Amino acid sequence: MLSFVQNLFATRVNPIGVDFGTDCLRMAQVQEVNNDHKLVAAACCDVPSHVRSNPQARMEFFTEALRDLLSQGRFRGRQAVLALPASSMIIQHVRLAKMGEDETRTALPFELRGKLPFDPSHAIIRHLVAGEVFVEQEQRQEVIAMAAARETVNQLLAAAARAKLDVVGMNVEPKAVIDCFSHVYRRKTDAEAVTCFVDLGASGTRAVIAQGTQILFARSIEFGGDHLTRRLADAMSISFEDAKLQRLQLAAQTPVVEDRSDRSETSAPPTRPADEESPDNSFALLGAALAKHQRSADPEPSGVKPASLARPVDQLCHDAALKLVDELNFCRRYYESVFPSKPLQKLIFVGGDARQRTLCQTIAREMRLAAQMGDPMVRMAKDTEVGIESGIDRRQPQPGWAVSLGLSMGPKHATVESTK
């Protein structure tokens, strides 16, 4: 019925990648051209705050928004790959005796009993084998299980069907992010590097550690952009929606000057100018990631001057970053205890809230790791008819589009895993 990864990418135009996030619905479709990708269609819309906590309203919005975006986005065909929303997914590491793929799949529901907030027999479970470990001199497998209630999955599929989408696959967000950047990372050193992708979303943060296309660790952290927004709303005595708007506008307007004073701790030395997009410099350095900030943005947010917001927002980002650093360092310690010969080397920030530069810089500085902002568009062909009205502005990095683009791109070497 569903597939973890679907081998559908030999067609001329890839399926539509649908990322139904907490605060934004994004749809993207790419086409393979001479071993590269070209963006052929994209569209997005914000999720109203009043439907976020109402599952039925969310599904109704999902259906109506999909219909609207399909008609205005010039998508080709109706085939689509959905992302299971991270807010609906539980990630759990387990250690099992070494066994085959089918045996692992059979054993997981029993192993996960009592470790999930729902009955594993009523869940859709996907898993990745991170590698082999030794526990009390016994060889075992480190398995990353990702589970969601079957009812939630069925609701997503039903909503997509009502929008006349032909769902040909469903993927999990951590895998979609890795699939996306496997097409950007092409050098041998990239495949060997151990990277932590920090996916900063509205409802939470995901940490995914990978070496090349191999995911070695994954964890969800219950702290995201909404937490920052609520803190700002309380501090400024304004509404949640006004706080969100002001925070994002301020992030887009903040001028960025590359900080060279502590590059040994927080950013990797560039081989070419930091804002030059090229195969050898496929990510903008964190210190210059927003150098091409939105030129068309309003110079001053309505009702609140940037100067009056900059200090509280920066302080909130700094405080939030310290909380995230504690969580990310926990992830790092666990991962490096399992794979001590593969230490973590760098951070890549993705997700809609990666635009909050102060947050990202503080995390990188405190963790003393090289850090970059992930731009999934950097290798995309420039000759596209997709304009800024789609929500994609090629003048600046687009970390929030990593999941939808990864869903459409698919893995470099697609494999099929069918489930009943």
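Residues numbered from 1 in each chain as written. Predicted model: local features only at pLDDT ≥ 70, side-chain atom pairs only at ≥ 80, totals over all residues. Heavy atoms only, no water.

Quick look at the overall build of the protein chain
Counted only if it meets this: Only runs of H or I of at least four residues qualify as helices and only runs of E of at least two qualify as strands under DSSP, and these elements are numbered from the N terminus. With a 1.4 Å probe rolled over the protein chains alone, any residue whose accessible area is under 20% of its type maximum counts as buried; one over 50% counts as exposed, and the rest are partly exposed. In what follows, residue pairs with any heavy atoms lying within 4.5 Å of each other are defined as contacts. Note on areas: these come from Shrake-Rupley sampling with a 1.4 Å probe, and a residue is covered only by the protein chains present in the view.
Within the protein chain one finds eleven helices and 14 strands. Counting all 420 residues of the protein chain, 56% fall into the buried class. For the protein chain, the proportion of contacts with a sequence separation of at least 24, taken over those separated by at least 6, is 70%. Accessible surface for the protein chain amounts to roughly 18600 Å². Of this, 49% is attributable to carbon and sulfur atoms.

Things to note about the nonpolar core
To be explicit about the condition: Here, the term nonpolar core denotes a set of buried Ala, Val, Leu, Ile, Met, Phe, Trp, Tyr and Cys residues that are joined through side-chain atoms within 4.5 Å.
Core analysis: the biggest nonpolar cluster contains 111 residues, and Val-18, Leu-347, Ile-363 and Leu-405 have the highest contact counts within it. Sort the elements by how many residues they give to this core and helix α9 (residues 306-338) lands first, with eleven residues. Setting aside its immediate chain neighbours within four residues, Leu-347 contacts Cys-196, Val-198, Ile-363, Ala-364, Met-367, Leu-369, Ala-370, Ala-371 and Gln-372. In this structure, Val-94, Leu-112, Leu-116 and Ala-147 belong to the second largest nonpolar core, which totals ten residues.

Regarding the sheet that holds strand β8 (residues 166-172)
Put simply, the rule is: Strands pair, by our definition, only if DSSP identifies at least two bridges between them. The axes are straight lines fitted to the C-alpha atoms, using for helices just the contacting stretch, and the angles between their N-to-C directions are given from 0 to 180°.
Across the sheet, five strands lie side by side as β3-β2-β1-β4-β8; this open sheet has mixed pairing. Of all the strands in the sheet, just β3 (36-46) and β8 have a single pairing partner and so form its edges. Direction aside, neighbouring strands of the sheet carry axes that sit 25° apart on average. Where strand β1 (residues 16-20) and strand β2 (residues 24-33) come together, four bridges link them in antiparallel fashion. Residue pairing across strands places Val-18 opposite Met-27, the latter belonging to β2. Lying over the sheet, helix α11 (residues 402-409) contacts β1, β2, β3, β4 (79-84) and β8, oriented at roughly 40° with respect to β2.

Looking at the pairing of β4
Counted residue by residue, β4 has five buried out of six residues, so it is predominantly covered. In this sheet, β4 lies alongside β1 in parallel orientation, the contact comprising three bridges. The residue bridging Ile-16 from the neighbouring strand is Ala-80, located in β4. With six bridges joining them, β4 and β8 adopt parallel strand pairing. Considered in β8, the bridge of Ala-80 is made with Val-167.

Here's the deal with the packing of aromatic side chains
Defined as follows: Centres within 6.5 Å are what make two rings of Phe, Tyr or Trp a pair, Trp counting through its six-membered ring; a difference in plane orientation under 30 degrees is then read as stacked, over 60 as edge-to-face, and the rest as tilted. A ring is considered to have a charge above it if a Lys NZ or an Arg CZ atom is located within 6 Å of its centre and within 35 degrees of its normal.
Counting across every chain of the model gives four aromatic pairs. Ring plane angle 10° and centroid distance 4.2 Å describe the contact between Phe-20 and Phe-62, whose orientation is recorded as stacked. In this pair, Phe-20 is assigned in strand β1 and Phe-62 in helix α1 (residues 55-72), connecting sequence segments 42 residues apart. Judged by relative accessible area, Phe-20 falls into the buried class, the value being 2%. With relative accessibility at 1%, the residue Phe-62 sits in the buried group. Ring centres of Tyr-335 and Phe-339 lie 5.6 Å apart, and the angle between their planes is 40°; on these two criteria the pair is classed as tilted. As far as burial versus exposure is concerned, Tyr-335 and Phe-339 are alike and both buried. Above the ring of Trp-401, the side-chain terminus of Arg-26 is found at 5.8 Å from the ring centroid.

So, helix α10 (residues 357-367)
With nine of its eleven residues buried, α10 lies for the most part within the structure. Along α10, the residues classified as buried are Arg-357, Thr-358, Leu-359, Cys-360, Gln-361, Thr-362, Ile-363, Ala-364 and Met-367. Arg-368, located one to two residues past α10, shows a positive phi value of around 55°.

Comments concerning unusual backbone geometry
Phi at Lys-164 is positive, roughly 70°, even though this residue is not glycine. Look at Lys-164 and you get exposed, because its relative accessible area is 61%. A positive phi is found at Arg-368, a non-glycine position, where the angle reads about 55°. By the element assignment, Arg-368 lies in the loop between α10 and β14 (370-373). Judged by its relative accessible area of 57%, Arg-368 is exposed.

A look at the environment of Phe-61
Note that Phe-61 resides in helix α1. Sequence separation between Phe-61 and Ala-159 is 98 residues, and the spatial gap between their C-alpha atoms is 9.0 Å. Setting aside its immediate chain neighbours within four residues, Phe-61 contacts Phe-20, Cys-45, Asp-46, Val-47, Pro-48 and Val-51.

Regarding the pattern of salt bridges
Worth spelling out the cut-off: Any carboxyl oxygen of Asp or Glu that lies within 4 Å of a side-chain nitrogen of Lys or Arg is treated as forming a salt bridge with it.
Following the criterion strictly, the structure yields 16 salt bridges and no others. As a salt-bridge pair, Glu-138 and Arg-140 come within 3.5 Å of each other at their nearest N and O atoms. A residue is classified by how much of its surface remains accessible, and Glu-138, at 41% relative accessible area, is partly exposed. Where Glu-173 meets Arg-206, a salt bridge forms, and the shortest distance between an N and an O atom there is 3.9 Å. In this pair, Glu-173 is assigned in helix α4 (residues 173-182) and Arg-206 in strand β10 (residues 205-211), connecting sequence segments 33 residues apart.

Quick look at the pairing of β14
Formally: When the strands point away from the viewer, a crossover counts as right-handed if the route from the first strand across the helix to the second turns clockwise.
Here four bridges tie strand β13 (residues 346-350) to β14, and the two strands are oriented parallel to one another. Looking across to β14, one finds that Phe-349 is bridged to Met-373. Following the backbone out of β13, through α10 and into the adjacent parallel β14, one traces a crossover that is right-handed.

Looking at the sheet that holds strand β5 (residues 90-97)
Spatial ordering of the open sheet is given by β5-β7-β6, a layout of three strands whose pairing is antiparallel. The sheet is open, and its two edges are formed by β5 and β6 (123-135), each paired on a single side. Pairs of neighbouring strands in the sheet enclose a mean axial angle of 25°, with direction left out of account. Sheet topology places β6 next to strand β7 (residues 138-149); twelve bridges connect them, and they run antiparallel. By the bridge assignment, Ile-124 is partnered in β7 with Ala-148. Most of the contacts of helix α3 (residues 150-162) go to β7, to which it runs at about 50°, and overall it touches β6 and β7.

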